[in-house]
Amino acid sequence: MDPSNKGKGISEGSASQSQPQQPPQSPPNPPALSRYESQKRRDWNAFCQYLRNQQPPVHISQCSSNNILDFLQYLDQFGKTKIHAHGCAFFGQVEPAGQCNCPLKQAWGSLDALIGRLRAAYEENGGLPERNPFAGGGIRVFLREVRDSQAKARGVPYKKRKKKRRNPMQTHDVEDGTTGTSSSNLPS
Ligand SMILES: [Zn+2]
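Here the structure is a predicted model, which is why all the values come from computation and not from measurement.

Participant: Please clarify how unusual backbone geometry should be interpreted in this entry.
Facilitator: Glycine aside, a negative phi is what most residues show, and trans is what most peptide bonds show. Residues Gln55 and Pro56 are joined by a peptide bond in cis, for which omega reads -10°. Summarising the element assignment, Pro56 is placed in the loop between helix H1 (35-52) and helix H2 (65-75).

Participant: Please explain helix H4 (residues 137-154) as it appears in this structure.
Facilitator: Note that an α-helix has 3.6 residues per turn; residues three or four places apart therefore point the same way. Compared with an ideal rise of 1.5 Å per residue, which puts 18 residues at 26 Å, H4 spans 26 Å between its outermost C-alpha atoms and is within 8% of the ideal. Residues Ile139, Val146, Gln150, Ala153 and Arg154 constitute the buried set of H4. Buried residues along H4 cover an arc of 75° about the axis, so they all sit on one side. Opposite the packed face of H4, turned more than 90 degrees from it, sit the exposed residues Gly137, Val141, Glu145 and Asp148. Structurally, H4 contributes buried residues whose contacts are with H2 and helix H3 (108-124). Positioned one or two residues after H4, Gly155 has a phi angle of 70°, which is positive.

Participant: What's the story with the packing of H1 against H3 in this structure? I'm lost.
Facilitator: If you want to describe how two helices pack, look at the angle between their axes and the distance between the axes. Running from amino to carboxyl end, H1 crosses H3 at an angle of 85°, the nearest separation of the two axes being 9 Å. One element, H1, and the other, H3, form an angle in the roughly perpendicular class. On H3, the residues touching Gln39, Lys40, Asp43, Trp44 and Phe47 of H1 are Leu114, Arg117, Leu118, Ala120 and Ala121. Taken together, the residues that form the contact of H1 with H3 break down as six nonpolar, one polar and three charged.

Participant: Would you take a moment to explain the packing of H3 against H4 for this structure?
Facilitator: The geometry of H3 relative to H4 is characterised by a closest axis approach of 9 Å and an angle of 160° between their N-to-C directions. Classified by the interaxial angle, the pair formed by H3 and H4 is roughly antiparallel. Crossing handedness for the pair H3 and H4: left-handed. Counting all contacts with H3, which are made through Trp108, Leu111, Asp112 and Ile115, the residues of H4 involved are Ile139, Leu143, Val146, Arg147 and Gln150. For the contact of H3 with H4, the per-class residue count stands at six nonpolar, one polar and two charged.

Participant: Mind showing me how you'd approach the confidence of the model for the protein here?
Facilitator: Detail in the predicted coordinates should be disregarded across regions flagged by low pLDDT. The predicted model of the protein averages 81 in pLDDT, with 69% of residues at 70 or higher. The low-confidence segment residues 3-17, where pLDDT is below 50, has zero contacts with residues more than four positions distant or belonging to other chains. Low confidence marks residues 170-185, where pLDDT is under 50. Its contacts with residues over four positions away, or in another chain, come to 23 contacts.

Participant: How should the nonpolar core be read in this particular structure?
Facilitator: Counting residues in hydrophobic clusters, the biggest one holds 14 residues, and the most contacted among them are Leu111, Leu114, Ile115, Leu118 and Phe134. For this core, the secondary structure elements donating two or more residues are H3 and H4.

The rules behind the values
Residues numbered from 1 in each chain as written. Predicted model: local features only at pLDDT ≥ 70, side-chain atom pairs only at ≥ 80, totals over all residues. Helix = DSSP H or I, 4+ residues; strand = E, 2+ residues; numbered from the N terminus. Expected span 1.5 Å × (residues − 1). Buried ≥ 20, exposed ≤ 12 C-beta atoms within 10 Å, placed from the backbone. Arc of directions from axis to C-beta. Contact = placed C-beta atoms within 7 Å. Axes fitted to C-alpha atoms, helices over the stretch in contact; angles between N-to-C directions. Parallel < 35°, antiparallel > 145°, perpendicular 65-115°, else oblique. Nonpolar A, V, L, I, M, F, W, Y, C, P; charged D, E, K, R; others polar. Left-handed = near helix turned anticlockwise from the far one by under 90°. pLDDT = per-residue confidence, 0-100. Core = buried A, V, L, I, M, F, W, Y, C linked by C-beta atoms within 7 Å.

Rendered as structure tokens:
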């Protein structure tokens with residue numbers, strides 16, 4: 001038996017070794033942050049800045065769920081998602097046929113993702129998990145209320161992922177930008 005015959009295709013597929021070795025004198029660059037990591041850092045800095053700007057300033061160790069809820073509402077002024085008010089002719093319409101004066105707000109999905117990043121950042125910056133204000137029940141309730149009211153106002157149902165769908169071919173439609181848009185709405 002010749003052991004070199006064993007792996008037939010082993011020479012194929014490993015041809016992408018074009019990268020030259022780094023010269024040893026090059027300075028050690030810090031590893032580039034992923035999009036998520038850099039977004040998380042930006043969010044965290046924005047939140048700490050927000051706390052510092054309160055009258056009187058709030059230290060992160062004294063941050064309560066009320067500060068967080070205030071922060072989320074403060075962010076609405078930078079939102080880009082039209083949320084129709086009760087009484088607007090387009091309330092509940094997915095694709096309104098015209099313009100209205102309803103305010104732009106943060107989409108629920110953006111807030112939800114933001115809270116997830118801040119919750120992680122809090123603990124990475126030395127906060128105790130059992131005292132993490134971002135994990136509090138009040139925040140969850142608030143997010144759920146925002147989700148439900150925005151679903152009604154925009155005519156966009158936020159589906160539960162666990163639920164099985166009848167037609168598996170349609171799993172990727174009407175999410176309507178509630179995920180993945182979270183990066184662009186925050187002040188920097
Ligand atoms: Zn409207």
